[in-house]
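# Geometric and topological summary
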Amino acid sequence: MELIKFILVTISTLLISATITAEYVRPLPRNTLNIQWPWDSKSHSYPQQVHISLAGDKHMRITWITEDKHSSSFVEYGTLPGRYDSMAEGECTSYNYLLYSSGKIHHTVIGPLEHDTVYFYRCGGQGPEFQLKTPPAQYPITFAVAGDLGQTGWTKSTLDHIDQCKYDVYLLPGDLSYADCMQHLWDSFGRLVEPLASARPWMVTEGNHEEENILFLTDEFVSYNSRWKMPFEESGSTSNLYYSFEVAGVHVIMLGSYADYDESSEQYTWLMADLSKVDRTRTPWLLVLFHVPWYNSNRAQQGAGDDMMAVMEPLLYAASVDLVIAETCV
């Protein structure tokens with residue numbers, strides 16, 4: 001039996017099965033969290049904000065940040081704790097945002113890896129050992145799905161719920177850190193999610209809170225693109241804002257609500273090409289995620305996704321997409 005399982009989590013509540021007897025009442029906000037990094041000479045070169053993402057067949061991208069700009073971008077890994085029989089070299093980047101300068105951001109792809117296997121790894125030869133588990137080769141596979149994470153007390157409870165689930169891949173359809181131009185909150189968010197994001201692949205796409213518009217800043221997604229590199233190149237995309245990947249018999253397309261999407265755009269052309277390559281004998285399931293909902297009952301955001309829907313929905317219908325997931329507005 002073909003089986004694909006989703007764990008759908010919202011920030012405000014965990015919905016399992018309930019009978020609605022009254023109008024929904026939004027819970028009160030919780031305080032914003034600010035996870036600090038200890039400042040000492042040793043931690044300066046230690047990896048922080050470690051997260052992983054799928055990077056093509058049997059490969060995983062390891063991303064981390066160091067305050068030390070001279071740290072190396074290599075990852076040692078193996079299937080036994082403390083014994084690393086493989087090593088991969090990667091790349092690094094950094095960015096400036098007004099008066100803020102990021103740490104050194106490392107991206108290293110490791111593999112080929114065996115399916116459904118636990119690997120132990122260390123970043124840059126420094127700091128603690130991490131472990132990850134690769135997804136299965138075929139279904140059943142379990143996805144955890146939650147958007148609009150932010151970094152409040154509600155975020156912590158949501159991550160706790162997700163951590164209790166035996167999921168293989170986490171899908172995040174936009175609005176990660178809620179940094180909103182305050183760059184230190186990107187660092188805080190990376191530290192907050194590291195325990196989960198370093199252990200299972202996190203596949204994300206951008207939301208409006210990743211679009212940090214400010215006068216004279218040419219790349220409004222510089223923070224997001226620098227920190228959360230997804231497999232766009234591996235899927236033939238020219239932008240980190242939209243891409244696709246395949247895992248365990250599922251072809252997943254992550255669209256960009258804040259990238260150009262009209263019929264003359266690169267995203268539209270890429271989507272047509274990507275859909276044409278889907279092989280239902282190899283990936284019987286076809287999923288699409290994006291941030292701005294095309295259909296929603298929130299009176300304050302009616303019509304927000306209409307333009308994108310008018311252009312792209314016919315392509316999804318023609319391809320017989322099985323499931324579309326967008327950010328839930330309540």
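Residues numbered from 1 in each chain as written. Predicted model: local features only at pLDDT ≥ 70, side-chain atom pairs only at ≥ 80, totals over all residues. Heavy atoms only, no water.

## Quick word on the overall build of the protein chain
Each helix and strand counted, the protein chain has five helices and 18 strands in total. Put simply, the protein chain has 330 residues, and 53% of those count as buried. Only carbon and sulfur atoms are counted for the fraction: they give 53% of the accessible area of the protein chain, which is about 15,800 Å². (Helix = DSSP H or I, 4+ residues; strand = E, 2+ residues; numbered from the N terminus. Buried < 20%, exposed > 50% of the residue type's maximum accessible area, 1.4 Å probe, protein only. Areas by Shrake-Rupley, 256 points an atom, 1.4 Å probe, with all protein chains shown as cover.)

## Focus on the pairing of strand E16 (residues 250-254)
Of all five residues making up E16, five are buried, and the element is well covered by its neighbours. Neither face of E16 is left uncovered, since the one carrying Val-250, Val-252 and Met-254 and the one carrying His-251 and Ile-253 both have all their residues buried. Sheet topology note: the strand E15 (residues 243-247)/E16 ladder contains five bridges and is antiparallel. Directly across from Tyr-243, in E16, lies its bridge partner Met-254. Between E15 and E16, which pair antiparallel one after the other, the connecting turn spans two residues, and Ala-248 there sits at a positive phi close to 50°. Taken together, the five bridges between E16 and strand E17 (residues 285-290) define a ladder with parallel strand orientation. When the bridges of E17 are listed, His-251 appears paired with Leu-286. (Pairing = 2+ DSSP bridges.)

## A closer look at the sheet that holds strand E2 (residues 48-54)
Read across the sheet, four strands follow the order E2-E3-E9-E6 without closing on themselves; strand pairing throughout is antiparallel. If you trace the sheet from one side to the other, it starts and ends with E2 and strand E6 (91-93), each paired once. The mean inter-strand angle of the sheet, taken between neighbouring strand axes irrespective of direction, is 20°. Judged from the seven bridges that link them, strand E3 (residues 60-66) and strand E9 (residues 104-110) form a sheet pairing that is antiparallel. (Axes fitted to C-alpha atoms, helices over the stretch in contact; angles between N-to-C directions.)

## Quick word on the nonpolar core
Counting residues in hydrophobic clusters, the biggest one holds 84 residues, and the most contacted among them are Ile-62, Tyr-121, Phe-143, Trp-202 and Trp-228. The greatest single-element share of this core, amounting to seven residues, is contributed by helix H2 (residues 184-197). (Core = buried A, V, L, I, M, F, W, Y, C linked by side-chain atoms within 4.5 Å.)

## Examining the packing of helix H1 (residues 153-163) against H2
Relative orientation of the contacting elements H1 and H2 amounts to 10°, with a least axis distance of 10 Å. The angle between H1 and H2 falls in the class roughly parallel. Seen from H1, the contacting residues are Thr-155, Leu-159, Ile-162 and Asp-163; seen from H2, they are Leu-192, Val-193 and Leu-196. (Parallel < 35°, antiparallel > 145°, perpendicular 65-115°, else oblique. Contact = heavy atoms within 4.5 Å.)

## Things to note about the packing of aromatic side chains
Tallied over the full model, the rule gives nine aromatic pairs. Aromatic rings pair up to connect Tyr-170, Phe-189, Trp-202 and Trp-228 into one cluster. The ring of Trp-154 has Arg-30 lying over it, and the distance from NZ or CZ to the ring centre is 3.6 Å. (Phe/Tyr/Trp six-rings, centres within 6.5 Å; stacked < 30°, edge-to-face > 60°. Lys NZ or Arg CZ within 6 Å of the ring centre and 35° of its normal.)

## Let's talk about helix H5 (residues 306-318)
It helps to recall that an α-helix has 3.6 residues per turn; residues three or four apart then point in one direction. With 13 residues, H5 ought to run about 18 Å at 1.5 Å a step, and its terminal C-alpha atoms sit 18 Å apart, in line with that. Roughly 45° is the biggest bend found in H5, and it falls at Met-312, with proline Pro-314 one to four residues downstream. Listing the buried residues of H5 in full gives Met-308, Met-309, Val-311, Met-312, Glu-313, Leu-315 and Leu-316. Along its buried surface, H5 packs onto helix H4 (266-276), E17 and strand E18 (323-326). (Expected span 1.5 Å × (residues − 1). Bend = angle between axes of the 7 residues up to and from the residue.)

## Quick notes on the sheet that holds strand E4 (residues 74-78)
With antiparallel pairing, four strands are arranged side by side in an open sheet as E5-E4-E10-E11. In this open sheet, the two strands that pair with only one neighbour each are strand E5 (86-89) and strand E11 (130-133). Adjacent strand axes in the sheet meet at a mean angle of 30° when their direction is disregarded. Here four bridges tie E4 to E5, and the two strands are oriented antiparallel to one another.

## Digging into the confidence of the model for the protein chain
Per-residue pLDDT for the protein chain averages 90, and the proportion of residues at 70 or more is 90%. Counted against residues more than four places away or in other chains, residues 10-21, with its pLDDT under 50, gives 15 contacts. (pLDDT = per-residue confidence, 0-100.)

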